[in-house]
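So you can see what is in the structure, the chains are spelled out below.
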Amino acid sequence: MRQQAAIAAKVFIQRDYTNGTVCQFQTKFPSELETRIDKQQFEETVRTLNNLYAEAEKLGSQSYIEGCMACLTAYTIFLCMETHYEKVLKKIAKYIQEQNEKIYAPRGLLLTDPIERGLRVIEVTIFEDRSLTR
Amino acid sequence: MKNCEYQQIDPRALAVSPASAESDAGKRAQRPRRKWEVFPGKNRFFFDGRLILAGQSGVLPLTLGLIVVTCGLFFAFDCPFLVEHLTVFIPVIGGVLFLFVILSLLRTSFTDPGILPRATPDEAADIEKQIDTSGSSTYRPPPRTKEVLINQQVVKLKYCFTCKTFRPPRTSHCSLCDNCVERFDHHCPWVGNCVGKRNYRFFYSFIVSLSFLTSFIFGCVITHITLRSQSGQSLIQAIQESPLVICFFSIWSILGLSGFHTYLVASNLTTNEDIKGSWSSKRASEESGNPYSYNSIITNCCVTLCGPMPPSLIDRRGLLPLDETLPVASTSEIELPPFVAKNDAHMCTQSTKDALERAVHELCPPGSPKTTPLGLEVCSRAAPSPEPSAAAGCSRQQALQPMAASCPPFSRSNKRDSLHSTNPAFRLAFPSPSLSRATFIIGNATDVGFLPLP
């Protein structure tokens, strides 16, 4: 029987705008997580996410070709084809799920996919530490 | 016996709280709702959330009507003549352009412009904690801004009170749609939607293709009229039958708008930034250049028009979990009004008191007795005093006039308080005898009597 764990706190990792409007998150380690997870581990997760978002928004030949094709077909091509950005978002969702299963859930933490929060924050939910009571 | 919709509650579900068990039963009787149905902004949704339009759709039907009517007239009256005398490609080109214009217009109108969803209550609470609220004694809270460094340039991020979040750079809150929109350009009534990050390229292709279409039709019509008048037919009749008039008036504005937006695209600016002059070179030094520009026209164009297509952040068709009540709006509304109301009322009284205090300090030169034996409410009306000492007094009387205007409401409302008031704002002392003669009491303080000051 699954018991619902109580939520102790929520930590929000805000966006980092030093490079403009591209989607990047701050890699600063929040103090609330100090007791729960290794700093290196957490920063690695955030850095990987930042790299994935940078890949999604990369201005390269592929994105230009996609843009031009879309323009020529009066943007009807988006009805049948998935954009590069959407493909990378799926990759990100999979990565977050993996991280949650392997690293964060055993420590009583949960990462929420930023797309569910409008790409504003990475929400880290801290659950009550039940290991002490068992 | 008919199938009963009610199904037996699964006993295992009872391990969870009873509230959710009720909602489980309710779930089966009620269809799950989609997120667009509880969207807090002023937007309209069609086809079960697939299409989005602004609440005030403006003159979109008019735009569509004008385009369709103009092209209809063109195809009906000019094309037959021109196909005969020139080439068959004319209606083909016209048709292609017309199709492109309509598709771009519909794409612009019905696409999410880049709306930022509002902050969840947890997020909002977290941000509120981080903001310094030490200025609670002042009557107006300072505007909440956060400064960030973007490409070595300081940019101020404003806090949006409606969406309860710090707006990302280049984001603006549209008051017509009541949403924060990313890379906000403007709210276009012709298109019936905001123009922002996600639909700017559609908007641009709409106005450019519309310029080509109107120029093309205009050119064809002129050709038609010229050819007809050469072959001796009535000029007036030809003009009446053509869509010339509509084209003629619209072509200049559309060409102008296309030119303006081409300039914006080339310099990676938005209409909003251009109008406000955020990165204008007139200001200060070269440091206030556009931090988002790539300093190359081609790169700027490619980025704006052919860059990757960002996804919609509002997830219109997502299903709502049924145990959630209406989101942010309700809780935030409860928080906000007391804060706002208290501050507004406080602000009003405080600012008036400040004004009165300032006036008092102006009137009383230092060293003069500031208080009267009784706490009198004395308001003076600026009577033209002939005394020469009123040279200084005149300026004081002028200072008194705005005060007199604001005084009576106060005196009436604070009748009882004023008689025993110890508030210096309500006590005026006039050391010079000339002015004291000119004073009289407004309101109901007559029973207290007037004490002439020495």
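Scroll up a little and you will see the structure.
Now for a description of the structure that goes with this document. (Residues numbered from 1 in each chain as written. Chains lettered and ligands numbered in written order. Predicted model: local features only at pLDDT ≥ 70, side-chain atom pairs only at ≥ 80, totals over all residues. Heavy atoms only, no water.)

1. Focus on a nonpolar patch on the surface
All names here are of chain B.
Okay, so step 1: Together, Val83, Val88, Phe89, Val92, Ile93 and Val96 make up a nonpolar patch on the protein surface, roughly 530 Å² of accessible area in all.
Okay, so step 2: Looking at which element gives the most residues to the nonpolar patch, the answer is helix 3 (residues 89-110), with 4 residues.
Okay, so step 3: Structurally, Val88 is set in the loop between helix 2 (60-85) and helix 3.
Okay, so step 4: Here Val88 falls in the exposed class, since its relative accessible area comes to 52%. (Patch = residues over 30% accessible without salt bridge, like charges linked within 9 Å, V, L, I, M, F, W, Y side chains within 5 Å. Areas by Shrake-Rupley, 256 points an atom, 1.4 Å probe, with all protein chains shown as cover. Salt bridge = Lys/Arg side-chain N within 4 Å of Asp/Glu carboxyl O. Helix = DSSP H or I, 4+ residues; strand = E, 2+ residues; numbered from the N terminus. Buried < 20%, exposed > 50% of the residue type's maximum accessible area, 1.4 Å probe, protein only.)

2. Some thoughts on the pattern of salt bridges
Okay, so step 1: According to the stated counting rule, one finds 13 salt bridges over all chains in the structure shown.
Okay, so step 2: The shortest N-O distance in the salt bridge between Lys102(A) and Glu98(A) comes to 3.8 Å. Of this pair, Lys102(A) and Glu98(A) both sit in helix 3 (residues 84-104), 4 residues apart, which is roughly one turn of the helix.
Okay, so step 3: Here Arg118(B) makes a salt bridge to Asp178(B), at a shortest N to O gap of 3.2 Å. Taken together, the residues Arg118(B) in the loop between strand 3 (115-116) and helix 4 (121-130) and Asp178(B) in the loop between strand 7 (172-174) and strand 8 (179-181) connect sequence positions 60 residues apart.
Okay, so step 4: By sharing partners, the salt bridges in this structure join Lys10(A), Arg117(A), Glu123(A) and Asp122(B) into a single network.

3. Observations regarding the packing of helix 3 of chain B against helix 5 (residues 200-230) of chain B
All names here are of chain B.
Okay, so step 1: Relative to each other, helix 3 and helix 5 sit at 150 degrees, their axes nearing to 8 Å. Here helix 5 runs roughly antiparallel to helix 3, going by the angle between their axes. The two elements helix 3 and helix 5 cross, and the hand of that crossing is left-handed. Listed contacts from helix 5 to Ile90, Ile93, Gly94, Leu97, Phe98, Phe100, Val101, Ser104, Leu105, Arg107 and Thr108 of helix 3 are Phe202, Phe203, Ser205, Phe206, Ser209, Leu210, Phe212, Leu213, Phe216 and Cys220.
Okay, so step 2: Taken together, the residues of the contact of helix 3 with helix 5 break down into 15 nonpolar, 5 polar and 1 charged. (Axes fitted to C-alpha atoms, helices over the stretch in contact; angles between N-to-C directions. Parallel < 35°, antiparallel > 145°, perpendicular 65-115°, else oblique. Left-handed = near helix turned anticlockwise from the far one by under 90°. Contact = heavy atoms within 4.5 Å. Nonpolar A, V, L, I, M, F, W, Y, C, P; charged D, E, K, R; others polar.)

4. Digging into the packing of aromatic side chains
Residue and element names in this part refer to chain B.
Okay, so step 1: Applying the stated criterion to the full structure yields 9 aromatic pairs over all chains.
Okay, so step 2: Residues Tyr159 and Phe161 carry aromatic rings whose centres are separated by 5.4 Å and whose planes lie at 85 degrees to one another, so their mutual orientation is edge-to-face.
Okay, so step 3: Overall, the relative accessible area of 4% leaves Tyr159 in the buried class.
Okay, so step 4: Residue Phe161 is classed as partly exposed on the basis of its relative accessible area of 40%.
Okay, so step 5: Connected via pairs of aromatic rings, a cluster forms that spans Trp36, Phe39 and Phe45. (Phe/Tyr/Trp six-rings, centres within 6.5 Å; stacked < 30°, edge-to-face > 60°.)

5. As for the environment of Asn43(B)
Residue and element names in this part refer to chain B.
Okay, so step 1: Among the structural elements, Asn43 can be located in strand 1 (residues 43-46).
Okay, so step 2: In this structure, the C-alpha to C-alpha distance between Asn43 and Ser57, residues 14 residues apart in sequence, is 9.1 Å.
Okay, so step 3: Of the polar contacts made by the side chain of Asn43, one reaches the side chain of Asn179; its length is 2.6 Å. (Polar contact = N/O pair within 3.5 Å; in protein donor to acceptor, adjacent residues only side chain to side chain.)

6. Side note on the sheet that holds strand 5 (residues 153-160) of chain B
All names here are of chain B.
Okay, so step 1: Read across the sheet, 3 strands follow the order 4-5-6 without closing on themselves; strand pairing throughout is antiparallel. Both outer strands of the open sheet, strand 4 (145-150) and strand 6 (165-166), are each paired with one neighbouring strand and no more.
Okay, so step 2: As defined by bridge partners, strand 5 adjoins strand 6 across 2 bridges and the pair is classed as antiparallel. Paired with Cys160 across the strands is Thr165, a residue of strand 6. (Pairing = 2+ DSSP bridges.)

7. Considering the nonpolar core
A general trend in soluble globular proteins is that nonpolar side chains are found buried together.
Okay, so step 1: Of all hydrophobic cores here, the largest spans 44 residues; its most connected members are Ile67(B) and Phe206(B).
Okay, so step 2: Secondary structure elements with two or more residues in this core: helix 2, helix 3, strand 4, strand 5, helix 5, helix 7 (244-266) and helix 9 (297-306) of chain B.
Okay, so step 3: When residues in this core are grouped by element, the largest group, 13 residues, is from helix 5 of chain B.
Okay, so step 4: Here this core spans two domains, since at least three of its residues come from each of domain 1 (39-116 + 178-306) and domain 2 (118-167) of chain B.
Okay, so step 5: Look past the residues within four positions of Ile67(B) in its chain and what remains in contact with it is Phe98(B), Val101(B), Ile102(B), Leu105(B), Phe206(B) and Leu210(B).
Okay, so step 6: Ile13(A), Val46(A), Leu52(A) and Tyr104(A) belong to the second largest nonpolar core, which has 32 residues in total. (Core = buried A, V, L, I, M, F, W, Y, C linked by side-chain atoms within 4.5 Å. Domains from an automatic or database assignment.)

8. Brief notes about the interface of chain A and chain B
Okay, so step 1: On the chain B side, the residues contacting the 33 residues of chain A number 37 residues.
Okay, so step 2: Of the roughly 2,900 Å² buried at the junction of chain A and chain B (both faces included), carbon and sulfur atoms supply 67%.
Okay, so step 3: Considering only the side of chain A, the residues that lose the most area to chain B are Tyr17(A), Tyr75(A) and Arg120(A), jointly responsible for 25% of the buried surface there.
Okay, so step 4: A salt bridge links Asp122(B) to Lys10(A); its shortest N-O distance comes to 2.9 Å.
Okay, so step 5: Applying the counting rule to chain A against chain B returns 4 residue pairs in polar contact (both at pLDDT 80 or more).
Okay, so step 6: When contributions to the side of chain A that touches chain B are tallied by element, the ones reaching two or more residues are strand 1 (7-14), helix 2 (61-72), helix 3 and strand 3 (121-127) of chain A.
Okay, so step 7: Of all the elements, helix 2 of chain A adds the most residues to the side of chain A that touches chain B, at 6 residues.
Okay, so step 8: Its residues assigned to classes, the side of chain A that touches chain B comprises 17 nonpolar, 10 polar and 6 charged. (Buried area = accessible area lost by both parts, 1.4 Å probe.)

9. Things to note about the sheet that holds strand 8 of chain B
All names here are of chain B.
Okay, so step 1: Pairing in this open sheet of 3 strands is antiparallel, and the strands run 3-8-7 from one edge to the other. Strand pairing shows two members of the sheet lacking a second neighbour, strand 3 and strand 7, which therefore form its edges.
Okay, so step 2: Of the pairings in the sheet, the one linking strand 7 to strand 8 comprises 3 bridges and is antiparallel in character. If you follow Cys174 over to strand 8, its bridge partner there is Asn179.

10. Notes on the pairing of strand 1 of chain B
Residue and element names in this part refer to chain B.
Okay, so step 1: Residues of strand 1 alternate between two faces, with Asn43 and Phe45 buried on one and Arg44 and Phe46 left unburied on the opposite face.
Okay, so step 2: Bridge count for strand 1 against strand 2 (residues 51-54) is 4 bridges, and the pairing is antiparallel. Considered in strand 2, the bridge of Asn43 is made with Ala54.

11. As for the environment of Asn151(B)
Okay, so step 1: Checked against the element boundaries, Asn151(B) lands in the loop between strand 4 and strand 5.
Okay, so step 2: According to the relative accessible area criterion, Asn151(B) is partly exposed, its value standing at 40%.
Okay, so step 3: Sequence separation of Asn151(B) and Pro291(B) is 140 residues, and the distance between their C-alpha atoms is 5.9 Å.
Okay, so step 4: Among residues more than four places away in sequence, those in contact with Asn151(B) are Thr18(A) and Pro291(B).

12. Thoughts on helix 3 of chain A
Residues and elements named next belong to chain A.
Okay, so step 1: Look at helix 3: 28 Å from first C-alpha to last across 21 residues, which is about the 30 Å you get at 1.5 Å a residue.
Okay, so step 2: Considered for burial, the residues of helix 3 that qualify are His84, Tyr85, Val88, Leu89, Ile92, Tyr95, Ile96, Gln99, Asn100, Ile103 and Tyr104. Considered in projection along helix 3, the buried side chains sweep an arc of 145 degrees and stay on one side of the axis. Opposite the buried face of helix 3, at more than 90 degrees from it, the exposed residues are Lys90, Lys94, Glu101 and Lys102. (Expected span 1.5 Å × (residues − 1). Arc of directions from axis to C-beta.)

13. Focus on the environment of Val208(B)
Okay, so step 1: Along the polypeptide, Val208(B) turns up in helix 5.
Okay, so step 2: In sequence terms Val208(B) and Val101(B) are 107 residues apart; their C-alpha atoms lie 8.7 Å from each other.

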